[in-house]
Amino acid sequence: MKSTALTHIHEQLGAKMAEFAGYNMPISYSGINDEHQTVRNAVGVFDVSHMGEFILKGEGAADLVQRVTSNDVYALSPGKAQYSCLPNNDGGIVDDLLVYHLEDGNYMLVVNASNMEKDWNWISQHNTGGVEMHNISDQTSLLAVQGPKAVEALQSLTDVNLSEIAYYTFTKHRFAGVDNVIISATGYTGAGGFELYFPKEHSEVIWNAVFEAGAAFGIKPIGLGARDTLRLEMGFCLYGNDIDDTTSPLEAGLGWITKLKAANNEFTNKAHFVQQRADGLKKKLVGFEMVDRGIPRHDYPIVDEAGNVIGKVTSGTQSPTLGKAIGMGYVDTAFAEPGSTVYIDIRQKPVQAVVVKLPFLQ
Amino acid sequence: MQFPDNLKYTKDHEWVRVEGNTGYIGITDFAQRELGDIVYVDITGDGETLAMEDTFGTVEAVKTVSDLYMPVSGTISEVNPELDGAPELINQDPYGKGWMIKVEMSDLSELDGLMDAAAYGELVAG
């Protein structure tokens, strides 16, 4: 099992640890609900250094990224980041990712740890133009500092005016005495805040500085458990749960990052998605709330009133913010409209739920 | 973690407190920590006579769901009424206010097959 540069600190803090994507990761510290509320109401810090980072550099870098990703990277100016996915040749998704345009001809791709090797091979295979590729994952730490008080909590650590970093933009600057930290106004929580990328030898210095600076704002460490409840309240997809090698980005509600109409955006398998769009979608990823008591879990069947299977749950939890059970899943298009009644088959018992608009948290 | 000496334990992380022929049953401190924040308990066997290791319900936490198993055979005579409104009692006080069911035990000799605190402590440490 791999460790991040901060694993020993999580253990010292008494975190509940578990293996995730081959890494020994903190699942929770003070409890999922408490950590969740900390991020929604104040500020919390996630060590998500298990995530993979690839650098793609050179004259053909933009063309390569454009070819392998579904979003339109030609529209991404330096200093901006973009959510995207890597379509495969079979109508599914190799991975979802963030694309950072670092500077002209220089991109950073941030991918899921569990898919790192698969992504690397996939992109390499499409790299026919000799683009320089570097996997810097093992040298790079990533902290997500998330929550409404993130700006205030971190401001004393840098000269950059953090409140001026717009959503999905970033800057490279001195932070907590470390040069060239990527300060990115992104995250997976919907609570606002930053993601900080830096060489891993600075991990302890930055971690300690962040907690010292954030102490007055109630900053706490947050584990992967709350990361999951936070992202689910926002309806954000989790690879391996809601999307995978077999799911269409269009069916997953990722049409907004599948730019079929952009000029010069000839990405992998585009013709298939154009056709799928023209034919109409047979199923859709929707959000639902439980009407009767029960918590939906990954792979539970979704049925109609007569008991016919109409879909499958991909993610579910008790929402700490809403105080009710929520989930996402694929359903036949006929049941995809908000307000539709569906039933979740919870241990052979149909429990009523209602399709709602995403995100759950408005 | 605490494992009181006056309780008997199972490998499935339930405990029993014996009072005559009555057993109070709940889940251990280790179990509640592993589950994390508990959302509710669904006792399916209220009033029923169940055999040792039968499922008597499920416990739903934010992150996961887990079945509950009878540590001993018997008839469920009461379900802790406080858990419906306050499932967090299981996290806060797993051996006290977080008890789940009261069982009229049908075979007290089954208790001899359960673990004492020391043996259970070793199980979860190992």
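This one's a predicted model, so the numbers in the text were calculated from it and none came from an experiment.

## Side note on the overall build of chain B
Counting its regular elements, chain B contains three helices and nine strands. Counted from the first residue to the last, chain B has its helices and strands arranged as β-β-β-α-β-β-β-β-β-α-β-α. Against the globule reference of 14 Å for 126 residues, chain B gives a C-alpha radius of gyration of 13 Å, in line with a compact fold. On the principal axes, the C-alpha backbone points of chain B span a range of 35 × 35 × 20 Å. Counting all 126 residues of chain B, 53% fall into the buried class.

## A closer look at the pattern of salt bridges
Considering all chains together, one arrives at 20 salt bridges over all chains under this definition. In this structure, Glu 266 of chain A and Lys 270 of chain A form a salt bridge, with 3.4 Å as the shortest nitrogen-oxygen distance. Close ionic contact of Glu 60 of chain B with Arg 297 of chain A constitutes a salt bridge, the shortest N to O distance being 2.5 Å. Here the residue Glu 60 of chain B occupies a position in strand E6 (residues 55-61), and Arg 297 of chain A occupies one in the loop between strand E14 (283-290) and strand E15 (301-303), the pair thus bridging two chains. Arg 297 of chain A shares its class with Glu 60 of chain B; the two are buried. Among the charged side chains, a salt-bridge network with shared partners connects Asp 228, Arg 231 and Asp 242 of chain A together with Lys 63 of chain B.

## Topic: the layout of surface pockets
There is about 410 Å³ of room inside the second largest pocket. Residue lining of the second largest pocket: 20 residues in total, with Lys 16 and Ser 28 of chain A together with Gln 32, Arg 33 and Gly 36 of chain B positioned closest to the centre. Elements supplying a minimum of two residues to the lining of the second largest pocket: strand E2 (23-28) of chain A together with helix H1 (29-35) of chain B. Examining the composition of the lining of the second largest pocket, we find that five residues originate from one element, H1 of chain B, more than from any other. Class assignment for the residues of the lining of the second largest pocket results in seven nonpolar, eight polar and five charged.

## Regarding the domain arrangement of chain A
Residue and element names in this part refer to chain A. With domains assigned, chain A is organised as domain 1 (7-49 + 138-233) and domain 2 (282-356). Computed over C-alpha atoms, the centres of domain 1 and domain 2 are 32 Å apart. Domain 1 puts eight residues into the contact, and the matching count from domain 2 is ten residues. Both sides of the domain 1 and domain 2 interface together cover about 690 Å² of buried area, and 61% of this is carbon and sulfur. A per-residue breakdown of the area domain 1 buries against domain 2 is headed by Thr 229, Leu 232 and Glu 233, which together make up 63% of the total. Where domain 1 packs against domain 2, one counts zero salt bridges. Linking domain 1 with domain 2 are five residue pairs in polar contact (both at pLDDT 80 or more). When grouped by side-chain class, the residues that make up the side of domain 1 that touches domain 2 number one nonpolar, four polar and three charged.

## Side note on the confidence of the model for chain B
Chain-level pLDDT for chain B is 96 on average; 100% of the residues reach the 70-or-more range. Quick note on the complex model: pTM equals 0.94, ipTM equals 0.84.

## Looking at the nonpolar core
All names here are of chain A. Grouped together as the largest cluster of nonpolar side chains are 83 residues, with contacts concentrated most on Leu 56, Tyr 100, Leu 109 and Ile 344. Residue contributions to this core peak at seven residues, all from strand E6 (residues 93-103). There are two domains that each give this core at least three residues, and those are domain 1 (7-49 + 138-233) and domain 2 (282-356). When near neighbours in sequence (up to four residues on either side) are disregarded, Leu 56 contacts Ala 61, Leu 64, Val 65, Gly 105, Asn 106, Tyr 107, Leu 109, Ile 123, Val 131, Glu 132 and Met 133. Counting 31 residues, the second largest nonpolar core, distinct from the first, contains Leu 154, Leu 157, Ala 209 and Phe 211.

## A few points about the pairing of strand E1 (residues 16-20) of chain A
Residue and element names in this part refer to chain A. Bridge count for E1 against E2 is five bridges, and the pairing is antiparallel. Bridge assignment links Glu 19 to a residue of E2, and that residue is Asn 24. Count of turn residues in the E1/E2 antiparallel hairpin: two residues, of which Ala 21 carries a positive phi of about 50°.

## Observations concerning the environment of Gly 52 of chain A
Residue and element names in this part refer to chain A. Looking at where Gly 52 falls in the secondary structure, it is placed in strand E4 (residues 52-57). Sequence spacing of Gly 52 and Thr 69 is 17 residues, and the spatial spacing of their C-alpha atoms is 16 Å. With residues up to four places along the chain from it excluded, the contact list for Gly 52 reads Leu 109, Val 110, Val 111, Ala 113, Met 116 and Ser 137.

## Quick word on the interface of chain B and chain A
Chain B puts 17 residues into the contact, and the matching count from chain A is 17 residues. Surface buried jointly by chain B and chain A totals about 1300 Å² across both partners, of which 45% is contributed by carbon and sulfur atoms. The largest per-residue losses of area from chain B upon contact with chain A belong to Tyr 40, Val 62 and Lys 63 of chain B, which jointly make up 43% of the total buried on that side. For the pair chain B and chain A, the number of links is five salt bridges. We note a salt bridge from Asp 84 of chain B to Arg 293 of chain A, for which the minimum N-O separation is 3.3 Å.

## Description of the packing of aromatic side chains
In total, this model carries 13 aromatic pairs over all chains according to the counting rule given. Centre to centre, the rings of Tyr 9 of chain B and Tyr 120 of chain B are 4.9 Å apart; their planes meet at 10°, and the pair counts as stacked. Here the residue Tyr 9 of chain B occupies a position in strand E1 (residues 8-9), and Tyr 120 of chain B occupies one in helix H3 (residues 117-125), the gap between them amounting to 111 residues. The pair formed by Tyr 9 of chain B and Tyr 120 of chain B is uniform in burial state, with each residue classed as buried. One aromatic cluster is present, built from ring pairs that chain together Tyr 100, Phe 170 and Tyr 197 of chain A. When the ring centre of Tyr 330 of chain A is taken as reference, the NZ or CZ atom of Lys 283 of chain A above it lies at 5.2 Å. We note Arg 17 of chain B situated over the ring of Tyr 24 of chain B; from NZ or CZ to the ring centre the distance is 4.6 Å.

## Regarding the environment of Ile 183 of chain A
All names here are of chain A. Here Ile 183 is to be found in strand E11 (residues 178-184). Spatially, the C-alpha atoms of Ile 183 and Glu 337 are 38 Å apart, while their sequence positions differ by 154 residues. Apart from residues no more than four positions distant in its own chain, Ile 183 is found in contact with Thr 158, Leu 162, Ile 165, Thr 169, Phe 170, Thr 171, His 173, Phe 175, Phe 194, Glu 195 and Leu 196.

Conventions used here
- Residues numbered from 1 in each chain as written.
- Chains lettered and ligands numbered in written order.
- Predicted model: local features only at pLDDT ≥ 70, side-chain atom pairs only at ≥ 80, totals over all residues.
- Heavy atoms only, no water.
- Helix = DSSP H or I, 4+ residues; strand = E, 2+ residues; numbered from the N terminus.
- Rg over C-alpha atoms; globule rule 2.2 N^0.38 Å.
- Buried < 20%, exposed > 50% of the residue type's maximum accessible area, 1.4 Å probe, protein only.
- Salt bridge = Lys/Arg side-chain N within 4 Å of Asp/Glu carboxyl O.
- 1 Å grid on protein atoms, 1.4 Å probe; cavity = no way out; pocket = protein on both sides within 12 Å on 5 of 7 lines; lining within 4 Å.
- Points joined across faces, edges and corners; volume = space filled by probe spheres on them.
- Nonpolar A, V, L, I, M, F, W, Y, C, P; charged D, E, K, R; others polar.
- Domains from an automatic or database assignment.
- Contact = heavy atoms within 4.5 Å.
- Buried area = accessible area lost by both parts, 1.4 Å probe.
- Polar contact = N/O pair within 3.5 Å; in protein donor to acceptor, adjacent residues only side chain to side chain.
- pLDDT = per-residue confidence, 0-100.
- Core = buried A, V, L, I, M, F, W, Y, C linked by side-chain atoms within 4.5 Å.
- Pairing = 2+ DSSP bridges.
- Phe/Tyr/Trp six-rings, centres within 6.5 Å; stacked < 30°, edge-to-face > 60°.
- Lys NZ or Arg CZ within 6 Å of the ring centre and 35° of its normal.

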